[in-house]
Amino acid sequence: MTDPVLSVRNLSVEIPTRAGILKPVDGVSYDIAKGEILGVVGESGAGKSMAGNAIIGLLTRPAHISGGEVWLNGNRIDTLEPEMLRRMRGKEIGMVFQDPLTSLNPLLPIGDQLTETILEHLPVTKAEAEARALKGLEEVGIPAAAQRMGSYPHEFSGGMRQRVVIALALCAEPSLIIADEPTTALDVSVQAQIVALLKKLCREKGTAVMLVTHDMGVIAEASDRVAVMYAGRLAELGPVRDVLTHPMHPYTHGLMGSTPLASKGLARLNQIPGSMPRLGALPDGCAFNPRCPKADAKCRANPAPVMNERASCWHPMIPGQTS
């Protein structure tokens, strides 16, 4: 792999509370190459969005990065001053949120919002910025883009608003996009359109994408590699085809078994017993051990090891193993 656009090394995030220090992200490491989509998947509370917010510098105090490094295009960015990070957002890193209305100003036409962002980050004239804004809307598939430049966010459907947000994230030509649950609030047909759009733009522009989701179907369709998170840590990391067809971590195996595609027509889907532990009540040893069918005394006494080939597990599964 060529030099990565994004390199995350042993990233940890802490939140001090009266009850103690919580670690929603604990020692996470991965790279994303130019033109690659890395899917980050896991249950709610696994630390997916928190890791994305830490990378882009949008952690809300008292949450803060307590360890590790974040590198973008060979430059370390986790130590930058807030103002420098603000300037980098939009220009070097684009963000696509789950709810497009949180990213769009309801009082401004979308054409003005795109033009303003382009003028803020690129050395172009207003006319050039307006032309770029129009081209951006056309690239994401907004019908009659020239006429819709003067439309307000509430005049678009949910799927069209998400396309506008993707155009907004791409308009300053960033090298990295962090897409945080970009399809969750959309119906299935629109989800497929948004996934196809992200893949198309990623390939054409060479943009690296970190796609945060809990939907294994979206991961299978969109991603080149997948990072599976559990209780703030990486459980498994590898090529999407390998991870989805031959998961090595028991948690990944459980996630795949709970999807209709993997059920192979069975009357009932498999399920992982129990629920993810609260950050303030993590079990001793491997965080997954209370729910794991392979857990033994070693798992209950020792934290999960650093990645063993592809999985962070004392007893990784082998291809074809069912339990």
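Residues numbered from 1 in each chain as written. Predicted model: local features only at pLDDT ≥ 70, side-chain atom pairs only at ≥ 80, totals over all residues. Heavy atoms only, no water.

Novice: It is not clear to me how the pattern of salt bridges should be interpreted in this structure. Could you clarify?
Specialist: When the charged atoms of two side chains with opposite charge come close together, those side chains can pair. By the definition in use, this model includes 15 salt bridges. Among the ionic pairs, Glu-221 bridges to Lys-199, the shortest N-O distance being 3.6 Å. Of this pair, Glu-221 sits in helix 8 (residues 216–222) while Lys-199 sits in helix 7 (residues 188–205); the two residues are 22 residues apart in sequence, bridging distant segments of the chain. Glu-221 sits in the partly exposed class, given a relative accessible area of 49%. Among the ionic pairs, Arg-203 bridges to Asp-224, the shortest N-O distance being 3.1 Å. One end of the pair, Arg-203, is in helix 7; the other, Asp-224, is in the loop between helix 8 and strand 9 (225–230), with 21 residues separating them in the sequence. (Salt bridge = Lys/Arg side-chain N within 4 Å of Asp/Glu carboxyl O. Helix = DSSP H or I, 4+ residues; strand = E, 2+ residues; numbered from the N terminus. Buried < 20%, exposed > 50% of the residue type's maximum accessible area, 1.4 Å probe, protein only.)

Novice: I keep staring at the packing of helix 3 (residues 110–121) against helix 6 (residues 158–170) and nothing clicks. Help me out?
Specialist: The description of two helices packed together rests on the angle between their axes and the distance between the axes. Where helix 3 meets helix 6, the closest approach of the two axes is 9 Å, and the angle between their N-to-C directions is 20 degrees. On the basis of the axis angle, helix 3 is roughly parallel to helix 6. The way helix 3 lies across helix 6 gives a crossing that is right-handed. Residue-level contacts link Ile-110, Gln-113, Leu-114 and Thr-117 of helix 3 to Val-164, Ala-167 and Leu-168 of helix 6. (Axes fitted to C-alpha atoms, helices over the stretch in contact; angles between N-to-C directions. Parallel < 35°, antiparallel > 145°, perpendicular 65-115°, else oblique. Left-handed = near helix turned anticlockwise from the far one by under 90°. Contact = heavy atoms within 4.5 Å.)

Novice: What's the story with the sheet that holds strand 4 (residues 64–72) in this structure? I'm lost.
Specialist: Either a parallel or an antiparallel arrangement is found when strands of a sheet pair, and the pairing is made through backbone hydrogen bonds. The strand order across the open sheet built from four strands is 2-1-4-5, with neighbouring strands paired in antiparallel fashion. Single-partner strands in this sheet number two, and they are strand 2 (20–32) and strand 5 (75–76). Pairing between strand 1 (residues 6–17) and strand 4: seven bridges, direction antiparallel. Within the sheet, the bridge partner assigned to Glu-14 lies in strand 4 and is His-64. Across the sheet, helix 1 (residues 48–56) touches strand 1, strand 2 and strand 4, and the angle it forms with strand 1 is around 105 degrees. (Pairing = 2+ DSSP bridges.)

Novice: Sorry, what's going on with the pairing of strand 8 (residues 208–213) here?
Specialist: Within a regular strand, the side chains alternate between the two sheet faces. Summarising burial for strand 8: six of the six residues are buried, a large majority. The alternating pattern of strand 8 places Ala-208, Met-210 and Val-212 and Val-209, Leu-211 and Thr-213 on opposite faces, both of which are buried. Relative to strand 8, strand 3 (residues 37–41) runs parallel, the two sharing five bridges. Counted as the bridge partner of Gly-39 is Leu-211 from strand 8. In the sheet, strand 7 (residues 176–180) pairs with strand 8 via five bridges, with the strands oriented parallel. By the bridge assignment, Asp-180 is partnered in strand 8 with Val-212.

Novice: Help me understand the side chain of Thr-213, please; the structure alone is not making it clear to me.
Specialist: Relative to the helices and strands, Thr-213 is located in strand 8. With residues near it in sequence (within four places) discarded, Thr-213 still touches Val-40, Val-41, Gly-42, Lys-48, Glu-181, Val-218 and Ile-219.

Novice: Is there a simple way to explain the sheet that holds strand 6 (residues 93–96) in this structure?
Specialist: Spatially, the six strands line up as an open sheet ordered 6-7-8-3-9-10, and their pairing is mixed. Looking at strand neighbours, the two that pair on one side only are strand 6 and strand 10 (233–239), the edges of this open sheet. Strand after strand, the sheet turns through a mean of 15 degrees between neighbouring axes, direction not considered. Bridging between strand 3 and strand 9 involves four bridges; their strand directions are parallel. Bridged to Leu-38 within strand 9 is Arg-225. Each of strand 3, strand 6, strand 7, strand 8 and strand 9 touches helix 1; the most contacted strand, strand 8, lies at about 145 degrees to it.

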